[in-house]
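For reference, the chains in residue letters:
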Amino acid sequence: MRMSRSVIFVIIWIIALAFFVVTNPPSALSDGGGNIKGVVKTPWIKRYEALVYIDLVEKKEFPPPKKNPFMSQKGLVFRPHIVPVVKGSTVDFTNDDNVSHNIFSPPGSAKRFNLGTYGAGVSMAVTFDKLGEVALLCNVHSEMVGYVIVLQNPYFALTDKKGIFEIKDVPAGTYTLKVWHEKLKETSQEVVVEAGKTVSAEFAKKELKRR
Ligand SMILES: [Cu+2]
């Protein structure tokens with residue numbers, strides 16, 4: 001018995017559809033996020049990186065990561081220099097030097113604490129439950145400074161030494177994009193993120209004023 005032309009047509013159509021589904025997984029078909037790519041133009045960037053972040057994603061809560069963010073004191077500096085975290089995160093602070101260190105945050109910080117002085121290999125944990133900047137100082141070494149920046153959401157990126165940044169997989173929407181830098185006043189601009197696209201953002205030198 002010969003198959004009718006219409007049956008053959010339907011079989012070919014099903015094969016073609018199956019091929020399409022396999023080569024286009026649901027993530028590519030769904031209404032996913034977009035990227036923000038850009039540059040922060042300031043001579044300060046060569047010394048200290050900037051943090052670029054979305055101020056607020058409305059009506060959404062972001063749980064802290066299961067693995068704690070980490071900051072070390074090594075070679076008499078805080079490493080990394082800046083640790084951006086989602087609100088509620090607990091940061092592990094470890095002394096990886098052979099000398100004693102202390103960590104405290106000065107007045108005006110979003111979280112005030114003083115871990116006292118502690119020796120090599122010791123790790124201390126601090127939970128950050130309020131949005132904002134927390135400067136980290138060491139009362140043993142006055143030149144040491146680091147930062148924890150507490151954010152509402154995980155859509156942030158640190159710039160490289162040229163000021164370039166990229167924030168990936170941001171839900172589509174209109175947001176306030178902010179720049180934090182230890183030497184500069186906070187600056188912001190509106191950004192519109194569309195699913196599957198990359199939007200560019202530039203913070204010009206003249207917008208970035210000294211604190
Ligand atoms: Cu120290």
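Residues numbered from 1 in each chain as written. Predicted model: local features only at pLDDT ≥ 70, side-chain atom pairs only at ≥ 80, totals over all residues.

Ordered in space as E13-E1-E16, the 3 strands form an open sheet in which the pairing is mixed. With one partner strand each, in any of the chains shown, strand E13 (164-170) and strand E16 (198-203) form the two edges of the open sheet. The sheet shows a mean angle of 20° between the axes of neighbouring strands, taken without regard to direction. (Pairing = 2+ DSSP bridges. Helix = DSSP H or I, 4+ residues; strand = E, 2+ residues; numbered from the N terminus. Axes fitted to C-alpha atoms, helices over the stretch in contact; angles between N-to-C directions.)

The next subject is the sheet that holds strand E9 (residues 123-127). If you trace the 4 strands from one edge of the open sheet to the other, you get E4-E3-E6-E9, paired in mixed fashion. The open sheet has two edge strands, strand E4 (77-79) and E9, and neither has a second partner. Put simply, the sheet's adjacent strands are angled 25° from each other on average, direction ignored. Bridging between strand E6 (residues 90-95) and E9 involves 5 bridges; their strand directions are antiparallel. The residue bridging Phe93 from the neighbouring strand is Met124, located in E9.

What follows covers the nonpolar core. General note: in soluble globular proteins, nonpolar side chains tend to be found buried as a group. Judged by nonpolar contacts, the single largest core of 40 residues is most densely connected at Leu51, Val52, Val85, Val148 and Ile149. Take this core: its biggest share by element is 5 residues, from strand E11 (residues 145-151). Counting contributing residues per domain, this core is built from domain 1 (32-62 + 154-211) and domain 2 (63-151), each supplying no fewer than three. (Core = buried A, V, L, I, M, F, W, Y, C linked by C-beta atoms within 7 Å. Buried ≥ 20, exposed ≤ 12 C-beta atoms within 10 Å, placed from the backbone. Domains from an automatic or database assignment.)

Moving on to the pairing of strand E15 (residues 184-193). Pairing analysis gives 8 bridges linking strand E14 (residues 173-181) to E15, with the strands arranged antiparallel. Note that in E15 the partner of Gly173 across the bridge is Val193. Joining the antiparallel neighbours E14 and E15 is a turn of 2 residues.

Let us now look at the environment of Gly196. Checked against the element boundaries, Gly196 lands in the loop between E15 and E16. Sequence separation between Gly196 and Ala172 is 24 residues, and the spatial gap between their C-alpha atoms is 8.8 Å. Those residues in contact with Gly196 that lie beyond four places of it in its chain are Gly32 and Gly34. (Contact = placed C-beta atoms within 7 Å.)

Per the domain assignment, the segments of the protein are domain 1 (32-62 + 154-211) and domain 2 (63-151). Between the C-alpha centres of domain 1 and domain 2 the distance comes to 23 Å. With 10 residues of domain 1 in contact, the opposing surface of domain 2 contributes 8 residues. Of all the elements in the fold, those that place two or more residues in the side of domain 1 that touches domain 2 are strand E2 (51-54) and strand E12 (156-158). Partitioning the side of domain 1 that touches domain 2 into residue classes produces 8 nonpolar, no polar and 2 charged. (Nonpolar A, V, L, I, M, F, W, Y, C, P; charged D, E, K, R; others polar.)

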